[in-house]
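# Results of the structural survey
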Amino acid sequence: MRKLRIIGVDTESSVVECEVPDSGEKFTLPLDDRFRAAARGEFVAGGSDRAPVTGTLRPREIQDRIRHGASPEEVAADAGVPLSRIEGFAVPVLLERANAADLARSAHPVLPDGPALNTLADRVGAALDRRGVDPDLVTWDAWKDRSGGWVVRTSWPAGLSDDASATWSFVPDSHGGSARALDEEAERILDPSRATELRSVSAPPPLPPGPP
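Treat the numbers as computed from the prediction; the structure is a model and nothing was measured. Throughout this document, residue positions are counted from 1 along each chain, in the order its sequence is written. Two thresholds apply to this predicted model, a pLDDT of at least 70 for residue-level local features and 80 or more for giving and counting side-chain atom pairs, whereas whole-chain, interface and lining totals are computed over all residues. Side-chain metrics in this entry use all non-hydrogen atoms of the structure; hydrogen atoms and water are not considered.

### What to know about the overall build of the chain
Our working rule: Numbering of helices and strands starts at the N terminus; helices are DSSP runs of H or I of at least 4 residues and strands are runs of E of at least 2. In this scheme, a residue with accessible area under 20% of its type's maximum is buried, one over 50% is exposed, and one in between is partly exposed, where area comes from a 1.4 Å probe on protein chains only. Contacts were defined at the residue level, with two residues in contact if any of their heavy atoms lie within 4.5 Å. Accessible surface area values rest on a Shrake-Rupley calculation with a 1.4 Å probe, where residue burial reflects the displayed protein chains alone.
Scanning the chain from N- to C-terminus turns up 6 helices and 9 strands. Counting over 212 residues, the chain shows a buried share of 33%. In the chain, the proportion of contacts linking residues at least 24 apart, taken out of those at least 6 apart, comes to 35%. Per element, the accessible surface of the chain, about 13,000 Å² overall, is 54% carbon and sulfur.

Have a look at this one:
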């Protein structure tokens, strides 16, 4: 593979002028969005159907939205393109989110008197076990908020067409990190005295009283 050296940019014709250092042979490349994305490191070669600019969203924008909680399906719908055009850019970010969610399982919940000795996964598992929730149906997800911190959500079935969830802030460190409750469900998990209020399949909400 021969190396090219950029020798100039013709802004009027929107081309980048290059030459082969050894022979001086000249080439031109179109100065388009694909070239600009490659210069920013956003274009990964290897697939002719993989464009660096997808719909109205650039790869960096796609990854930023997914990193902050959007799903690939949502991004594809907003960009007006097939999901397959998004997935290549989404995979590394989804792996990043999955890794953060996995790390959060080993975090120590912060209680009023300080960090708990057991882990967040231990607390969640014990609380949901008391409600008869199958642990295999519990899912974990994570994303970054706009300040750059991690938010982690634990979800489990709570009815025929609904899920319950608990949300935490997660700060990783060398000791497993810490997790703080961000909603009432998370507080119920951390406080065993409130665990009976936790929504689950085996404990549906009571029916309203009938007419007098």
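### Considering the environment of Ala121
Position of Ala121 relative to the elements: it lies in helix α5 (residues 120-130). Apart from residues lying up to four places away in sequence, Ala121 is in contact with Arg105 and Trp140.

### Focus: the packing of helix α2 (residues 59-67) against helix α4 (residues 84-104)
The line we're drawing: Geometry is summarised by axes, namely lines fitted to C-alpha atoms with helices restricted to the contacting stretch, and by angles between N-to-C directions that run from 0 to 180 degrees. Left-handed is the label given to a crossing in which the near helix is rotated counterclockwise from the far helix by less than a right angle, and right-handed is the label when the rotation is clockwise. Lys, Arg, Asp and Glu make up the charged group, whereas Ala, Val, Leu, Ile, Met, Phe, Trp, Tyr, Cys and Pro make up the nonpolar group; the residues left over, Gly among them, are polar.
It is at 9 Å that the axes of α2 and α4 come closest, and there the two elements cross at 35 degrees. For α2 against α4, the interelement crossing comes out right-handed. Along the contact surface, α2 presents Pro59, Ile62, Gln63, Ile66 and Arg67, while α4 presents Ile86, Phe89, Ala90, Pro92, Val93, Leu94, Glu96 and Arg97. Across the contact of α2 with α4, the residue classes break down as 9 nonpolar, 1 polar and 3 charged.

### Regarding the confidence of the model for the chain
Note the threshold: One number per residue, pLDDT, summarises how confident the predictor is, and it ranges from 0 to 100.
When pLDDT is averaged along the chain, the result is 80, and 76% of the positions lie at 70 or above. Ignoring residues within four places in sequence, the model shows residues 41-53, a span with pLDDT below 50, making 27 contacts including any to other chains.

### Description of the sheet that holds strand β2 (residues 15-19)
Let me state the cut-off plainly: The rule for pairing is simple: two strands pair if DSSP sees at least two bridges between them.
Pairing is antiparallel in the open sheet, where 3 strands are placed in the order β1-β2-β3. One side of each edge strand has no neighbouring strand; the edge strands of this open sheet are β1 (5-10) and β3 (26-30). The average angle at which neighbouring strand axes cross in this sheet is 30 degrees, direction not considered. In this sheet, β3 lies alongside β2 in antiparallel orientation, the contact comprising 5 bridges. Bridge pairing in β3 links Val16 to Leu29.

### Examining the sheet that holds strand β7 (residues 150-157)
One open sheet holds the 6 strands; their spatial order is β5-β4-β9-β8-β7-β6, and the pairing between them is mixed. This sheet does not close on itself; its edge strands, each paired only once, are β5 (114-115) and β6 (139-144).

### Notes on the packing of α2 against helix α3 (residues 72-79)
Short version of the rule: Each angle is binned into one of four classes, with values under 35 degrees roughly parallel, values over 145 roughly antiparallel, values of 65 to 115 roughly perpendicular, and all other values oblique.
Put simply, α2 and α3 touch, their axes get as near as 9 Å, and they point 140 degrees apart. With respect to their mutual orientation, α2 and α3 come out oblique. The way α2 lies across α3 gives a crossing that is right-handed. Contact residues: Ile62, Arg65 and Ile66 in α2; Pro72, Val75 and Asp78 in α3. Along the lines of polarity and charge, the residues of the contact of α2 with α3 split into 4 nonpolar, no polar and 2 charged.

### Remarks on the pattern of salt bridges
It is possible for side chains bearing opposite charge to pair when their charged atoms get close. The criterion, for reference: Whenever a carboxyl oxygen of Asp or Glu lies within 4 Å of a side-chain nitrogen of Lys or Arg, that contact is scored as a salt bridge.
Across all of its chains, the model carries 7 salt bridges by this definition. Two residues, Glu19 and Lys26, come together in a salt bridge whose shortest N-O distance is 3.4 Å. For Lys26, a relative accessible area of 54% puts it in the exposed group. In this structure, Glu96 and Arg67 form a salt bridge, with 3.1 Å as the shortest nitrogen-oxygen distance. Linking Glu96 in helix α4 with Arg67 in helix α2, this pair joins segments that are 29 residues apart in sequence.

### Some points on the side chain of Arg123
To keep it simple, the criterion reads: Counting rule for charge: Lys and Arg are taken as positive, Asp and Glu as negative, and neither His nor the chain ends is counted.
Mapped onto the elements of the fold, Arg123 is located in helix α5. No salt bridge is formed by the buried Arg123. Its closest oppositely charged neighbour is Asp113, at 7.3 Å. Each residue touching Arg123, except ones within four places of it in the same chain, is listed here: Pro109, Leu111, Ala116, Asn118, Ile189 and Leu190.

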